[in-house]
Amino acid sequence: SGAGPGDVILVTGTLGASAAGLAVLERRPGGLPPALVDAVVRLHRVPVPRVAEGRSIRAAGGATAMIDLSDGLVTDLGHIAAESRVGARVDVDTLPVSEATRAVARALGVDPLRWALSGGEDYELLFTAPPEHAMDLVRAVTERTGTAIHPIGEVRPREEGVRFLDRAGRPYTVTPGFDHFG
């Protein structure tokens, strides 16, 4: 609940793999290499929570808010924004999506960003940090855990709302992820 305007929005690992795995299980597309299928299905069936990364983020200091991405980036960023009373701007073109997820999306005719934004169950961490601490935090956590951390946006004033934009600054239409009360 401590995110503030100007904070960098960061995420661990890659997004959308669990949703890609579920899509493979539901639609059973042919022609995909078994190793690629195994990569996304495994992450769907046996997600790996980022416990070591969370501990490293806390130990490194500087994070202002954090949540796991069990309900999808759109929904969980909305939770941070609501609790922190802020808005956010996310550059969807910077979202980290693995090549396996992209290949499954191509095979199924799906935009992989849809899975990255709303798929959920990736169990990556979404967190915020002031810009003067963000890159030191990224380096410290990556060195300790080996997990890549990616800046994907910026916390903005509440009145700007939570916005998802492409590289050209155009709005990118999103759908919420999982809603526990829906």
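Preceding block: the structure.
Keep in mind that this is a model prediction, so the values were computed, not measured.

## A short note on the overall build of the protein
Here is step 1: When you go through the protein residue by residue, the secondary structure sums to seven helices and six strands.
Here is step 2: Ordering the α and β elements of the protein from the N terminus gives β-α-α-α-β-α-β-α-α-β-α-β-β.
Here is step 3: With the C-alpha coordinates of the protein rotated into their principal frame, the extents come out at 45 × 35 × 35 Å.
Here is step 4: Going through the 182 residues of the protein one by one, you find that 47% of them count as buried.
Here is step 5: Counting only contacts in the protein whose residues sit at least 6 apart along the sequence, the fraction spanning at least 24 positions is 83%.

## Some thoughts on the sheet that holds strand β4 (residues 125–129)
Here is step 1: Spatially, β2-β4-β1-β5-β3-β6 is the arrangement adopted by the six strands of the open sheet, whose pairing is mixed. Lying at the two open borders of the sheet, with one neighbouring strand each, are β2 (65–68) and β6 (162–165). Adjacent strand axes in the sheet meet at a mean angle of 25° when their direction is disregarded.
Here is step 2: Across four bridges, the pairing between strand β1 (residues 8–12) and β4 is antiparallel. Note that in β4 the partner of L10 across the bridge is F127.
Here is step 3: On the sheet, helix α3 (residues 51–60) packs against β1, β2 and β4 and is oriented at approximately 10° with respect to β4.
Here is step 4: Together, β1, β2, β3 (87–91), β4, β5 (149–156) and β6 form the strand contacts of helix α4 (residues 73–84), whose direction differs from that of β2 by roughly 150°.

## Section: helix α7 (residues 131–145)
Here is step 1: Compared with the 21 Å implied by 1.5 Å per residue over 15 residues, the 21 Å span of α7 between its first and last C-alpha is a close match.
Here is step 2: When we look at burial in α7, the residues that qualify are A134, L137, V138, A140 and V141.
Here is step 3: Looking at the packing, one finds that the buried side of α7 touches β1, α3, β4 and β5.
Here is step 4: Following α7 by one or two positions, G146 has its phi on the positive side, about 80°.

## Things to note about the nonpolar core
Here is step 1: L73, L95 and L117 are the most contacted members of the largest nonpolar core, which has 25 residues in total.
Here is step 2: At the level of elements, β1, α4, β3, α6 (112–118) and β5 are the ones that each hand at least two residues to this core.
Here is step 3: The leading source of residues in this core is α4, at five residues.
Here is step 4: If we ignore the near neighbours within four places in the chain, the residues touching L117 are G72, L73, V74, V92, L95, F164, Y172 and V174.
Here is step 5: Formed by 15 residues, the second largest nonpolar core is a distinct cluster that contains A20, A23, V40 and A105.

Criteria and cut-off values
- Residues numbered from 1 in each chain as written.
- Predicted model: local features only at pLDDT ≥ 70, side-chain atom pairs only at ≥ 80, totals over all residues.
- Heavy atoms only, no water.
- Helix = DSSP H or I, 4+ residues; strand = E, 2+ residues; numbered from the N terminus.
- Buried < 20%, exposed > 50% of the residue type's maximum accessible area, 1.4 Å probe, protein only.
- Contact = heavy atoms within 4.5 Å.
- Pairing = 2+ DSSP bridges.
- Axes fitted to C-alpha atoms, helices over the stretch in contact; angles between N-to-C directions.
- Expected span 1.5 Å × (residues − 1).
- Core = buried A, V, L, I, M, F, W, Y, C linked by side-chain atoms within 4.5 Å.

Limitation: the analysis is restricted to geometry and does not speak to function.
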